[in-house]
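What follows is each chain in one-letter form.
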Amino acid sequence: MTAARDAEGHQTTPAPRLPAKLAAHPSVQAVLARRRAGDAVNPPAVIDADWLRELCLAAGADDAAAVSLDHPDLVGEREYVQSALPGTRTLIAMAVRMNRDNCRSPARSVANQEFHQADEQANHAARTVTQALQDAGYRALNPSVGFPQEMDRFPSERIWVVAHKTVAVAAGLGVMGLHRNVIHPRFGSFVLLVTVLVDAEVSAYGQALDYNPCIDCKLCVAACPVGAIAKDGAFDALACTSHNYREFMSGFTDWAQTVADSEDAADYRSRVTDSESASMWQSLSSPPGYKSGYCLAVCPAGEDVLGPYLDDRKTFMDTVLRPLQGKKETLYVLPGSHAQEYALRRFPHKPVKEVTGGWQPPAKRSTSPDRETRTS
Ligand code: B12
Ligand code: SF4
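Residues numbered from 1 in each chain as written. Chains lettered and ligands numbered in written order. Predicted model: local features only at pLDDT ≥ 70, side-chain atom pairs only at ≥ 80, totals over all residues. Heavy atoms only, no water.

**Describing the site of ligand 2**
- All residues adjacent to ligand 2 are C224, P225, V226, A228, I229, F235, C240, N244, S292, G293, Y294 and C295.
- Put simply, the parts of the chain that give the shell around ligand 2 at least two residues each are α9 (237–244) and α13 (294–297). (Near = heavy atom within 4 Å. Helix = DSSP H or I, 4+ residues; strand = E, 2+ residues; numbered from the N terminus.)

**Overview of unusual backbone geometry**
- Note the cis peptide between F147 and P148, where omega equals 5 degrees.
- Here P148 shows up in the loop between β6 (140–141) and α7 (164–171).
- That bond from F154 to P155 is cis: its omega, 0 degrees, falls within 30 degrees of zero.
- Relative to the helices and strands, P155 resides in the loop between β6 and α7.
- Notably, K218 is not glycine yet its phi reads approximately 70 degrees, a positive angle.

**What to know about the environment of R180**
- By the element assignment, R180 lies in the loop between β7 (175–176) and β8 (182–183).
- Note on R180: relative accessible area 15%, which makes it buried. (Buried < 20%, exposed > 50% of the residue type's maximum accessible area, 1.4 Å probe, protein only.)

**Comments concerning the packing of aromatic side chains**
- Evaluated as defined, the whole model comprises nine aromatic pairs.
- Ring geometry for F115 and Y290: centres 5.5 Å apart, planes at 65 degrees, overall edge-to-face. Here F115 is found in helix α6 (residues 108–135), whereas its partner Y290 is found in the loop between α12 (274–285) and α13, with 175 residues between them in sequence. Across this residue pair, the class does not change: F115 and Y290 are buried.
- A cation over an aromatic ring shows up here: R97 above the ring of F187, its NZ or CZ 5.5 Å from the ring centre.
- When the ring centre of Y309 is taken as reference, the NZ or CZ atom of R313 above it lies at 5.9 Å. (Phe/Tyr/Trp six-rings, centres within 6.5 Å; stacked < 30°, edge-to-face > 60°. Lys NZ or Arg CZ within 6 Å of the ring centre and 35° of its normal.)

**Things to note about the sheet that holds strand β9 (residues 191–198)**
- Taken in spatial order, the four strands line up as β4-β5-β9-β6 in an open sheet, and their pairing is antiparallel. Both outer strands of the open sheet, β4 (63–68) and β6, are each paired with one neighbouring strand and no more.
- Of the pairings in the sheet, the one linking β6 to β9 comprises two bridges and is antiparallel in character. Note that in β9 the partner of A140 across the bridge is V198.
- Contacting β4, β5 (90–97) and β9, α7 crosses the sheet at an angle of about 85 degrees to β9. (Pairing = 2+ DSSP bridges. Contact = heavy atoms within 4.5 Å. Axes fitted to C-alpha atoms, helices over the stretch in contact; angles between N-to-C directions.)

**As for the packing of helix α3 (residues 49–58) against α6**
- Between α3 and α6, whose axes approach to 9 Å, the crossing angle comes to 140 degrees. In this view, α3 runs oblique relative to α6, as classed from their interaxial angle. Of the two possible hands of crossing, α3 and α6 adopt the one that is right-handed. Only V129, A132 and L133 of α6 make contact with α3, whose side of the interface consists of W51, L52, L55 and C56.
- Here the contact of α3 with α6 is built from residues that sort into seven nonpolar, no polar and no charged. (Parallel < 35°, antiparallel > 145°, perpendicular 65-115°, else oblique. Left-handed = near helix turned anticlockwise from the far one by under 90°. Nonpolar A, V, L, I, M, F, W, Y, C, P; charged D, E, K, R; others polar.)

**Comments concerning the domain arrangement of the chain**
- When its domains are assigned, the chain resolves into domain 1 (46–202) and domain 2 (219–373).
- Of all residues in domain 1, the largest losses of buried area upon contact with domain 2 belong to R104, L178 and R180, amounting jointly to 21% of the total for that side.
- R186 is paired through a salt bridge with D304; the nearest N and O atoms lie 3.1 Å apart.
- Here domain 1 is connected to domain 2 by nine residue pairs in polar contact (both at pLDDT 80 or more).
- Elements with a contribution of two residues or more to the side of domain 1 that touches domain 2: α4 (75–84), α5 (100–104) and α6.
- Per-element tally for the side of domain 1 that touches domain 2: the top contributor is α6, with four residues.
- Considered class by class, the residues forming the side of domain 1 that touches domain 2 number 17 nonpolar, ten polar and eight charged. (Domains from an automatic or database assignment. Buried area = accessible area lost by both parts, 1.4 Å probe. Salt bridge = Lys/Arg side-chain N within 4 Å of Asp/Glu carboxyl O. Polar contact = N/O pair within 3.5 Å; in protein donor to acceptor, adjacent residues only side chain to side chain.)

Shown next, in the form of structure tokens:
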């Protein structure tokens with residue numbers, strides 16, 4: 001039923017015709033009494049854009065903008081979004097800043113903690129905004145920043161409810177750089193993204209940036225230990241997943257298979273080092289650890305980030321890029337892959353370990369017209 005609206009656009013709900021037993025229920029009577037007293041929540045048909053932005057910033061976002069679900073770049077999102085929240089009209093994109101030197105640290109525990117804390121902050125902000133919209137009388141929903149995702153669809157379909165990057169770009173929060181992460185014009189690559197779905201229009205929508213903050217320095221290409229990013233922008237998602245997501249999904253399955261295939265404890269320990277077992281335990285007992293994310297860590301783009309790179313590029317390379325390139329760490333690759341050949345050639349000091357499986361890009365996927373996906 002479409003609600004009637006008064007002259008100011010507020011919903012005016014006519015008294016419903018109810019069966020006598022339901023009408024006599026105390027909760028029903030309380031709702032009807034509240035309406036008669038004019039206390040019912042009657043949201044404006046259109047959400048005020050300034051009110052919404054303030055709400056997002058107060059909830060913990062560092063930037064926010066709304067975009068209509070009718071935006072042409074969101075065609076691929078509509079089916080997923082409508083099945084999550086039928087009636088969605090607008091997507092609210094938010095960005096939460098990360099602390100740069102935490103992300104850049106070769107100590108992965110430091111970087112992973114930063115990712116997880118920012119993830120929590122973004123989830124918290126999105127949930128707070130969702131609750132405020134609900135209290136204002138709208139239907140709203142916030143899919144997770146990262147995990148949990150829809151594992152019943154894994155591995156044949158996409159497992160995320162909404163593609164935050166696609167939404168953020170359409171809302172004008174940034175543009176995808178060479179490393180396929182969204183670069184915010186001020187905060188650069190050091191942002192996590194989150195989206196809130198809502199069943200109403202907003203008085204003003206964000207406009208796409210008219211330039212790309214990516215300065216094409218190609219440091220992400222140089223930093224990636226498994227050659228997932230090519231200079232021409234091709235992205236080998238399978239190489240990235242096999243290494244960076246070693247302790248997630250298919251990487252975990254590969255480890256479980258190794259346990260199952262081992263004849264005894266000694267055999268298991270000949271296949272998996274104590275450090276790898278401990279790392280897997282850590283990923284199971286706390287949020288799972290990424291193995292790299294170096295592409296994001298070394299990115300100098302963004303007005304708040306760029307200064308030190310412009311002032312002294314050599315020092316920037318020596319203090320940001322080289323420590324990650326020089327770190328002795330195991331790299332996980334698929335046998336015979338480009339990633340394997342690249343890792344052995346470019347990073348001879350990093351042990352390379354073959355793993356099975358891998359998470360194939362789903363058949364139905366969002367693509368970018370200008371950049372191809374390269375799979376090994
Ligand atoms: C799937 C996913 C991944 C996959 C695929 C990455 C990708 N580029 O799509 C893997 C595991 C490799 C990955 C890695 C990382 N991710 Co990720 N990831 C996601 C997720 C869930 C969806 C991404 C998406 O929309 N892909 C589809 C389209 C939009 O992206 P695309 O680049 O055009 O896709 C191309 C390829 O990736 C490929 N492809 C598309 N779908 C799939 C699916 C699979 C399974 C594979 C293998 C490939 C593939 O085909 C596309 C055409 O070229 C989002 C969370 C979310 N719900 O949105 C986070 C997200 C994109 N990830 C994020 C981050 C931070 C990372 C890491 C830095 C993690 C880390 N801490 O190390 C790395 C960076 C790797 C990189 N250079 O992109 C952030 C990015 C923030 C930002 N500033 O943009 C997001 C938005 C999470 C968040 N809420 O903030 N990620
Ligand atoms: S997350 Fe790591 S493996 Fe993936 S593209 Fe970035 S640097 Fe390469």
